[in-house]
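# Chain and residue survey
Spelled out, the chains give:
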Amino acid sequence: RAIAIIAVIGFDAHIPGFRGGFVGIDMFFVVSGFLMTHQIAGQLLNGRFSATDFYARRILRILPPLLLVTVITMAVAPLFPLLPQEVRELAKSAAATAAMVSNYYFSSSGDYFSPHAEINPLLHTWSLGVGAQYCLLAPAVMAGGSCVVDASGGLAPRRAGDAHGGAVRHVIPSTLRAASVTCTS
């Protein structure tokens, strides 16, 4: 991941020889996604996965520095000569960033590669939005994938006696559990 970060910083700083900072972002996504998926799968298989612990760790790791950067950006913004429209755009991007959906905001608000986009101080947060959405969906998809619909229409572990059947029961969101859709061994 450090190599990926160096590639992105070198590209953004326009250091000669650092062309293709987007490859660094791709590398970071692949490595991070692999590590996270491996961690979730291992815990599911061992019956030790806790959605609460998983999400708490992610929130505590990502949200404080992200909110700090967003707040500092908004606090420093008045020191720069911004047009009213630019202030509104910055406020919208800050709100999208705090909600972890800046990837959707930036993809719908123009050309990512335009010169105007380059000066948006929160543009880089799109990747955190993608990562957060992966974190949100991956455990549920992986847990759901470990279950199959049985003949009676209920969910059951893929194989009788699966060790992760109990873990899956705790991963499925409470809304599904409330509807009596659980995996049992």
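Owing to the predicted nature of the structure, the values given are computational and were not obtained by experimental measurement. (Residues numbered from 1 in each chain as written. Predicted model: local features only at pLDDT ≥ 70, side-chain atom pairs only at ≥ 80, totals over all residues. Heavy atoms only, no water.)

### Structural notes on unusual backbone geometry
Selection criterion: By the criteria applied, helices consist of DSSP H or I runs no shorter than four residues and strands consist of E runs no shorter than two, each listed in order from the N terminus. Only protein chains enter the area calculation, which uses a 1.4 Å probe; residues under 20% of their type maximum are buried, those over 50% are exposed, and those in between are partly exposed.
We note that Met-100 has phi near 65°; this positive angle belongs to a residue other than glycine. Examined against the element boundaries, Met-100 turns out to sit in the loop between helix H4 (84-98) and helix H5 (102-108). Met-100 gets classed as buried once you look at its relative accessible area, which sits at 14%.

### Things to note about the confidence of the model for the protein chain
We count it as follows: pLDDT: the predictor's confidence for each residue, scored from 0 to 100. The contact definition used throughout considers only heavy atoms, calling two residues in contact when any of these lie within 4.5 Å.
When the pLDDT values of the protein chain are averaged, the result is 75; 72% of them are 70 or greater. The least confident element of the protein chain, judged by mean pLDDT, is helix H9 (residues 174-178) at 35; the most confident is H4 at 92. Taken together, the stretch residues 148-153 has pLDDT below 50 and engages in eight contacts with residues farther than four places along the chain or on a different chain. Contacts from residues 155-185, a stretch scored under 50 in pLDDT, to residues over four places away or in other chains number 52 contacts.

### A word on a nonpolar patch on the surface
Put simply, the rule is: Every patch collects residues that have over 30% relative accessible area and no salt bridge, joining them within 9 Å if they carry like charges and within 5 Å if they are nonpolar side chains (Val, Leu, Ile, Met, Phe, Trp, Tyr). Under the convention used here, a 1.4 Å probe and the Shrake-Rupley method define accessible areas, while residue burial counts only the protein chains that appear. What counts as a salt bridge is simple: a side-chain nitrogen of Lys or Arg found within 4 Å of a carboxyl oxygen of Asp or Glu.
A surface patch of nonpolar side chains, amounting to about 650 Å² of accessible area, comprises Leu-68, Ile-72, Val-76, Leu-79, Phe-80, Leu-82 and Val-87. Among the elements that make up the nonpolar patch, the one with the highest residue count is helix H3 (residues 51-76) (three residues). Here Leu-68 shows up in helix H3.

### Side note on the packing of aromatic side chains
Here is the rule we go by: Pairs were defined over the aromatic rings of Phe, Tyr and Trp, the Trp ring being its six-membered one, requiring ring centres within 6.5 Å. Orientation was assigned from the angle between planes: stacked under 30 degrees, edge-to-face over 60, tilted for the rest.
In the structure shown here, the tally under the stated rule is four aromatic pairs. Measuring from centroid to centroid gives 5.3 Å for Phe-54 and Tyr-55, while their planes differ by 75°, and the two rings are edge-to-face. Residue Phe-54 is classed as buried on the basis of its relative accessible area of 0%. Residue Tyr-55 is classed as partly exposed on the basis of its relative accessible area of 25%. Ring geometry for Tyr-105 against Phe-106: centres 5.2 Å apart, planes inclined by 70°, an arrangement best described as edge-to-face. A relative accessible area of 18% means that Tyr-105 is categorised as buried. Cluster of aromatic residues (ring-pair linked, three or more members): Phe-49, Phe-54 and Tyr-55.

### A look at the side chain of Gln-43
By secondary structure assignment, the location of Gln-43 is in helix H2 (residues 21-45). Of the residues examined, Gln-43 reaches a relative accessible area of 15% and is grouped as buried.

### A short note on the side chain of Thr-125
Checked against the element boundaries, Thr-125 lands in the loop between helix H6 (115-118) and helix H7 (126-145). On the basis of relative accessibility, which here comes to 2%, the residue Thr-125 falls in the buried class. Excluding residues within four positions of it along the chain, Thr-125 makes contact with Leu-66, Thr-97, Ser-102 and Phe-106.

### Thoughts on the packing of H3 against H4
For clarity, the cut-off: To obtain each axis, a line is fitted to C-alpha atoms, and for helices this fit is confined to the stretch in contact; angles are then taken between N-to-C directions over 0 to 180 degrees. Any angle that is under 35 degrees is reported as roughly parallel, and any over 145 degrees as roughly antiparallel; angles of 65 to 115 degrees are reported as roughly perpendicular and all others as oblique. In this count, Pro and Cys sit with the nonpolar residues alongside Ala, Val, Leu, Ile, Met, Phe, Trp and Tyr, while Asp, Glu, Lys and Arg are called charged and the others, Gly among them, polar.
Close contact between H3 and H4 brings their axes to 10 Å; oriented N to C, the two are set at 170°. Considering the angle they form, H3 stands roughly antiparallel to H4. Here H3 contributes Leu-66, Leu-67, Thr-70, Thr-73 and Met-74 to the contact with H4, which in turn contributes Leu-90, Ala-91, Ala-94, Thr-97 and Ala-98. Of the residues belonging to the contact of H3 with H4, the class tally is seven nonpolar, three polar and no charged.

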